Amino acid sequence: GAVVSQHPSRVICKSGTSVKIECRSLDFQATTMFWYRQFPKQSLMLMATSNEGSKATYEQGVEKDKFLINHASLTLSTLTVTSAHPEDSSFYICSAAHGTEGQYFGPGTRLTVT
Amino acid sequence: GENVEQHPSTLSVQEGDSAVIKCTYSDSASNYFPWYKQELGKRPQLIIDIRSNVGEKKDQRIAVTLNKTAKHFSLHITETQPEDSAVYFCAASLGPGTASKLTFGTGTRLQVTL
């Protein structure tokens, strides 16, 4: 089956620093990947759609200058949280679209900003 | 944009009983409806999906029904087991294709008691 990995699984950073999260499709190529944020006991909220070789499409209310997305290859998308603040602490999950089979999710990255 | 409502938010059933979770969606153009199971701290896992040209789909103890006229779809789990305890999310999309983003419901926390 389709496998998506994420790195790191957990990260703690200080307020004001930047954090990069990687999302990889291990056994398939993904033209499109998606980034979600999930707060405790809440649903997944789409942040942005990442397209290989082009600019990401951000959902309303998501600051594109704060959440930088780069989809440099067909197997890798990165999300950089810039100038992180405690309110950015959350569970960040990526997914990769696998043809017409739908989306496969990464294991998530738990970000804690102190 | 699409809006997906999900009920109930919590559901407790005894082992062996059935569980039903219901979702409604707003965009009549949506034609792909996946269901995800998420255990605490883990990634969402696709358990079943249905496309708009089908009214019902079954996979062992899990079934999904779709009523496009009423714009609602439901997840049915029969003979529930303790390992079915998790949070379940419904979602709607314009298709399982690579560019189609998912809109998630608010989630249902299912607890199966012995």
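Please refer to the structure higher up on the page.
As the structure is a computational prediction, the values presented were derived from the model and not from experiment. (Residues numbered from 1 in each chain as written. Chains lettered and ligands numbered in written order. Predicted model: local features only at pLDDT ≥ 70, side-chain atom pairs only at ≥ 80, totals over all residues. Heavy atoms only, no water.)

Quick word on the pattern of salt bridges
All names here are of chain A.
Reasoning step 1: The full count for this structure, using the stated rule, is six salt bridges over all chains.
Reasoning step 2: Two residues, Arg-24 and Glu-22, come together in a salt bridge whose shortest N-O distance is 3.4 Å.
Reasoning step 3: Residue Arg-24 is classed as partly exposed on the basis of its relative accessible area, which comes to 34%.
Reasoning step 4: Look at Glu-22 and you get partly exposed, because its relative accessible area is 24%. (Salt bridge = Lys/Arg side-chain N within 4 Å of Asp/Glu carboxyl O. Buried < 20%, exposed > 50% of the residue type's maximum accessible area, 1.4 Å probe, protein only.)

Observations concerning the nonpolar core
Reasoning step 1: In this structure, A:Trp35, A:Phe67, A:Leu79, A:Tyr92 and A:Leu111 are the most contacted members of the largest nonpolar core, which totals 25 residues.
Reasoning step 2: Those elements giving two or more residues to this core turn out to be β2 (10-13), β3 (19-25), β4 (32-38), β5 (45-51), β7 (67-73), β8 (76-81), β9 (90-97) and β11 (109-113) of chain A.
Reasoning step 3: Grouped together as the second largest cluster of nonpolar side chains are 24 residues, B:Ala19, B:Ile62, B:Phe73 and B:Cys90 included. (Core = buried A, V, L, I, M, F, W, Y, C linked by side-chain atoms within 4.5 Å. Helix = DSSP H or I, 4+ residues; strand = E, 2+ residues; numbered from the N terminus.)

Quick notes on the pairing of β3(A)
Residues and elements named next belong to chain A.
Reasoning step 1: Side chains of β3 alternate between two faces, with Val-19, Ile-21, Cys-23 and Ser-25 buried and Lys-20, Glu-22 and Arg-24 left unburied.
Reasoning step 2: Here strand β1 (residues 4-7) runs beside β3; their pairing, made up of four bridges, is antiparallel. Bridge pairing links Val-4 to Ser-25 in β3.
Reasoning step 3: Direction of pairing for β3 relative to β8: antiparallel, over a ladder of six bridges. (Pairing = 2+ DSSP bridges.)

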